[in-house]
Amino acid sequence: MSRPDRTSRVSKEIDENLKRAYEDVANQELPTRFTDLLEQLREKDAAGSKKDGANDN
Amino acid sequence: MTTDPKEEIVTHLGAMRAFAMSLTRNSALADDIVQDALVKAWTNIGSFQAGTNMRAWLFTILRNTYYSHHRKRKREVEDTEGELSAGLAQKPDHDGRLQMRDFNAAFGLLPEEQREALVLVGAGGFSYEEAAETCGVAVGTIKSRVNRGRAKLVELMDISDDEAMEATEAVTQGIVTMNQSIA
């Protein structure tokens, strides 16, 4: 009976598929909507701390 | 040089996008959620306790964003985008290997809570404890979700992996039927 072998093989394949799908997205270059947004957030922070005359880092 | 925790957020954005994608199964919606979560995290960085697990903190914000605002919209856009249907358009290859398309189709059939538990633990490298913290449930609950999700996938994949054509037809038909009943 190859059943248990097969089940554990399928289990292993599940993990590999999960990882591949996850890492495919995780390792993608950030879309510009995010790099643009980060730039805006940083600029806003910079403007805010200049106004306060204090840096809360 | 700078130890601003905000800049640490940036290093987790890729993982956040991957997690959001697994929750939504829709890349445009996933990025909408990540964007909202990023702004929330950035502006509420004061509530992050230095020295604690930033990834778990971010993923908690991310999933709260998803469950409170975007879950309903997902149902509306899912069918029009038709990612699942696209995945099913191609018959599984019978070379004894699981195919990504089959896997995606099967994975999409799991309940959300099993999907997120599987992704956090199986792909994201979260410990059961970290995943439990992120999802706001007991460690035992996460373990049982992972086990049930895995068992269900084994069941689904095992059948579609079968060489018997009837079985393939049956599961394909089953997935299509279930997909339609979800919509």
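Scoring rules and cut-offs
- Residues numbered from 1 in each chain as written.
- Chains lettered and ligands numbered in written order.
- Predicted model: local features only at pLDDT ≥ 70, side-chain atom pairs only at ≥ 80, totals over all residues.
- Helix = DSSP H or I, 4+ residues; strand = E, 2+ residues; numbered from the N terminus.
- Buried ≥ 20, exposed ≤ 12 C-beta atoms within 10 Å, placed from the backbone.
- Contact = placed C-beta atoms within 7 Å.
- Nonpolar A, V, L, I, M, F, W, Y, C, P; charged D, E, K, R; others polar.
- Expected span 1.5 Å × (residues − 1).
- Core = buried A, V, L, I, M, F, W, Y, C linked by C-beta atoms within 7 Å.
- Domains from an automatic or database assignment.
- Axes fitted to C-alpha atoms, helices over the stretch in contact; angles between N-to-C directions.
- Parallel < 35°, antiparallel > 145°, perpendicular 65-115°, else oblique.
- Left-handed = near helix turned anticlockwise from the far one by under 90°.

### A look at the overall build of chain A
- The secondary structure content of chain A amounts to two helices and zero strands.
- Each of the 57 residues in chain A was classed as buried or not, and the buried ones make up 7%.

### Quick notes on the interface of chain A and chain B
- In this assembly, 23 residues from chain A lie in contact with 28 residues from chain B.
- For the side of chain A that touches chain B, the elements supplying multiple residues, two or more each, are α1 (3-26) and α2 (32-52) of chain A.
- Here the side of chain A that touches chain B is composed, by residue class, of twelve nonpolar, six polar and five charged.

### Overview of helix α3 (residues 27-43) of chain B
- Under the 1.5 Å per step criterion, the end-to-end length of α3 of chain B is 24 Å for 17 residues, consistent within 8% with the ideal 24 Å.
- Among the residues of α3 of chain B, those classed as buried are L29, A30, D31, I33, V34, A37, L38 and A41 of chain B.

### Quick word on the nonpolar core
- By size, the foremost hydrophobic cluster in this structure holds 44 residues, and its most contacted members are M16, F19, A20, V34, A37, L58 and L62 of chain B.
- Those elements giving two or more residues to this core turn out to be α1 of chain A together with α2 (13-24), α3, α4 (54-81), α6 (100-108), α7 (112-123), α8 (128-135) and α9 (139-160) of chain B.
- Broken down by element, the residue count for this core peaks at eight residues, all from α2 of chain B.
- Shared between two domains, this core holds at least three residues of each, these being domain 1 (1-81) and domain 2 (83-183) of chain B.
- Excluding residues that lie within four positions of it along the chain, L58 of chain B makes contacts with I9, H12, M16, A37 and A41 of chain B.

### Comments concerning the packing of α2 of chain B against α3 of chain B
Residues and elements named next belong to chain B.
- Interhelical geometry of α2 versus α3 gives an angle of 130 degrees and a closest axis separation of 8 Å. By the angle between their directions, the pair α2 and α3 is classed as oblique. Once α2 is placed against α3, the crossing between them reads as right-handed. In this structure, α2 contributes L13, M16, R17, A20, M21 and T24 to the contact, and α3 contributes S27, L29, A30, D31, I33, V34, A37 and L38.
- Grouping the constituent residues of the contact of α2 with α3 by class yields ten nonpolar, two polar and two charged.

### What to know about the domain arrangement of chain B
Residues and elements named next belong to chain B.
- According to the domain assignment, chain B consists of domain 1 (1-81) and domain 2 (83-183).
- At the junction of the two partners, domain 1 supplies 13 residues and domain 2 supplies twelve residues.
- Every element with two or more residues in the side of domain 1 that touches domain 2 is listed here: α2 and α4.
- Ranked by residues supplied to the side of domain 1 that touches domain 2, first place goes to α4 with six residues.
- Here the side of domain 1 that touches domain 2 is built from residues that sort into five nonpolar, four polar and four charged.

### A closer look at unusual backbone geometry
- Positive phi, normally seen in glycine, also occurs at R25 of chain B, with a value near 60 degrees.
- Taking the number of C-beta atoms within 10 Å as the measure of exposure, R25 of chain B has 18 and is therefore partly exposed.

### With respect to the environment of L153 of chain B
- Turning to its location among the elements, L153 of chain B is positioned in helix α9.
- For the pair L153 of chain B and F103 of chain B, spaced 50 residues apart in the sequence, the C-alpha separation amounts to 8.0 Å.
- The contact partners of L153 of chain B, leaving out residues within four places of it in the chain, are I14 of chain A together with A106 and F107 of chain B.

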